[in-house]
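# Architecture at a glance
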Amino acid sequence: MDLDQLAALRTAEGVAALDAAARVSAGDPLAAASALRAAGVPAGLAAAALTQVELRRRATAKFGAAAAGMFLTRAGLEQATRGVVAARRAARLRAAGVRTLADLGCGLGADALAAARAGIRVYGVEADPLTAAMAAANAEAAGVADLFTVECGDATKFDVDRVEAVFCDPARRAGGTGRRIFDPNAYSPPWDFVTRLAERVPRTVVKVAPGIDHGLIPAGAEAEWVSVDGDLVEAALWCGELAEVPRRATLLSAQEGHPGNRLTGAGDREAEVGPVRRFLHDPDPAVVRAHLVAELADELDATLADPAIAYLYADEPTPGPYARCLEITDVLPFSLKRLRALLRERGVGRVEILKRGSALTPEQLRRDLRLAGDAAASLVLTRVAGAPTVLVCQPVRG
Ligand SMILES: C[S@@+](CC[C@H](N)C(=O)[O-])C[C@H]1O[C@@H](n2cnc3c(N)ncnc32)[C@H](O)[C@@H]1O
């Protein structure tokens, strides 16, 4: 896709081609291309329309129904923030009184659109001309072009004095290959620009990889880890006046109207260690990455069984959003033979396998167990006081 193709897709003929592509593209791509050509759509336009429709279909998982009107590139979609996460961030910025925001490296505009929908005036800057043009088209399609404008250029040159707050979601993929970048110094805009930004603008938010080294978190910033339906999706640094607590785990759901849950704390405490007890609580990954396991242990009246492993053990199945609860039926020092014998005796033919602190591969273990039977069980591969251990469990419902 290039700028000319994008412009063509936005003409009346392009809109008709997109509609036609949406109708024919569900099956075989070659058949869809021929159907469009048979309907008189020029080959280049047909190819561009079919690509857009395919990307929009994929984007529905991130943006819901709004995806149907968006213009997307493959790389832009991969890097874009999910709608539910962007909407929550925008609501928090609005609640903090932010009325004008710069989005430095706005990509296709997922974060900026959410901020504009929340009533914030957003100035987007994007280095890639096609991505910038698509972001502007997305603002129009969303009906917020008066609140979200896009400039194609270098975000590091933007005059931040024009706005009350700044958001930056640096590119963390290598341009040519699309490979993920783990070294923050290779981010674009670069990490030193991002950290200086936080020093210059009193209200700065930076989206970062969820695996960020805690040592890189600027002093005084709030670090937030976000999961959606149990998948860890990102971390964000809320700097300056926007920082409310040292560490936060935010658990969201893609389910419409779900309020989300948040656990906060200093993130510097260790949970107490004790024996394996009747119930195991498997904390949400956002809680683990935020180093809030000790805070969760307080809520659940739970302890660890190994100081280095974030499974919590309690006498009660206290329900809550921050951890999945399993009832432990058996505790075995890890031995394939013993485990196989026990599962045979119980008629267990189906297992889910969870692991923390074990080098075993679940798929290999499943093969080696040669399961047979109608019953189901959850196996937890872990360490207890340093010793490789398997816990046979049943999920606690509700
Ligand atoms: C991770 S993406 C942003 C995604 C966006 N937050 C969203 O949810 O749609 C980062 C973007 O920053 C852009 N970028 C990288 N360096 C830049 C720079 N110096 N100036 C402007 N844009 C830049 C990249 O082209 C890329 O589109």
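Up top you'll find the structure we're talking about.
Each value, and the rule that gives it
- Residues numbered from 1 in each chain as written.
- Predicted model: local features only at pLDDT ≥ 70, side-chain atom pairs only at ≥ 80, totals over all residues.
- Heavy atoms only, no water.
- Helix = DSSP H or I, 4+ residues; strand = E, 2+ residues; numbered from the N terminus.
- Buried < 20%, exposed > 50% of the residue type's maximum accessible area, 1.4 Å probe, protein only.
- Contact = heavy atoms within 4.5 Å.
- Areas by Shrake-Rupley, 256 points an atom, 1.4 Å probe, with all protein chains shown as cover.
- Lys, Arg positive; Asp, Glu negative; His and termini not counted.
- Charge placed at Lys NZ, Arg CZ, Asp CG, Glu CD.
- Axes fitted to C-alpha atoms, helices over the stretch in contact; angles between N-to-C directions.
- Parallel < 35°, antiparallel > 145°, perpendicular 65-115°, else oblique.
- Left-handed = near helix turned anticlockwise from the far one by under 90°.
- Nonpolar A, V, L, I, M, F, W, Y, C, P; charged D, E, K, R; others polar.
- Pairing = 2+ DSSP bridges.

## Description of the overall build of the chain
On a plain count of helices and strands, the chain comes out with 13 helices and 16 strands. Among the 398 residues that make up the chain, the fraction classed as buried is 47%. Across the chain, contacts joining residues at least 24 apart in sequence account for 68% of those joining residues at least 6 apart. Within the structure as shown, the chain displays about 18300 Å² of accessible surface, and the carbon and sulfur contribution to it stands at 52%. The distance from the centre of the 47 positive side-chain charges to the centre of the 50 negative ones in the chain is 5 Å.

## Quick word on the side chain of R277
Topologically, R277 is positioned in the loop between strand 9 (261-265) and strand 10 (279-283). Not counting residues within four places of it along the chain, the set of residues in contact with R277 comprises D301, A302, T303, Y313, A314, D315 and I328.

## Regarding the packing of helix 2 (residues 12-24) against helix 3 (residues 29-38)
A pair of packed helices is captured by two measures, namely the crossing angle of their axes and the spacing between those axes. Two numbers describe how helix 2 lies on helix 3: the axes approach to 10 Å, and their chain directions differ by 140°. When the axes of helix 2 and helix 3 are compared, the pair comes out oblique. The crossing of helix 2 and helix 3 is right-handed. Along its contact with helix 2, which presents A17, A20, A21 and V24, the element helix 3 presents A32, A35 and L36. Grouping the amino acids of the contact of helix 2 with helix 3 by side-chain chemistry returns 7 nonpolar, no polar and no charged.

## What about the sheet that holds strand 3 (residues 148-152)?
Strands sit in the order 3-2-1-4-5-7-6-8-9 across an open sheet of 9 strands; the sheet is mixed. Pairing within the sheet leaves two strands with one partner each, and these edge strands are strand 3 and strand 9. When the angles between neighbouring strand axes are averaged without regard to direction, this sheet yields 20°. Summarising the sheet, strand 2 (residues 121-126) and strand 3 pair through 5 bridges and their orientation is parallel. When the bridges of strand 3 are listed, V125 appears paired with E151.

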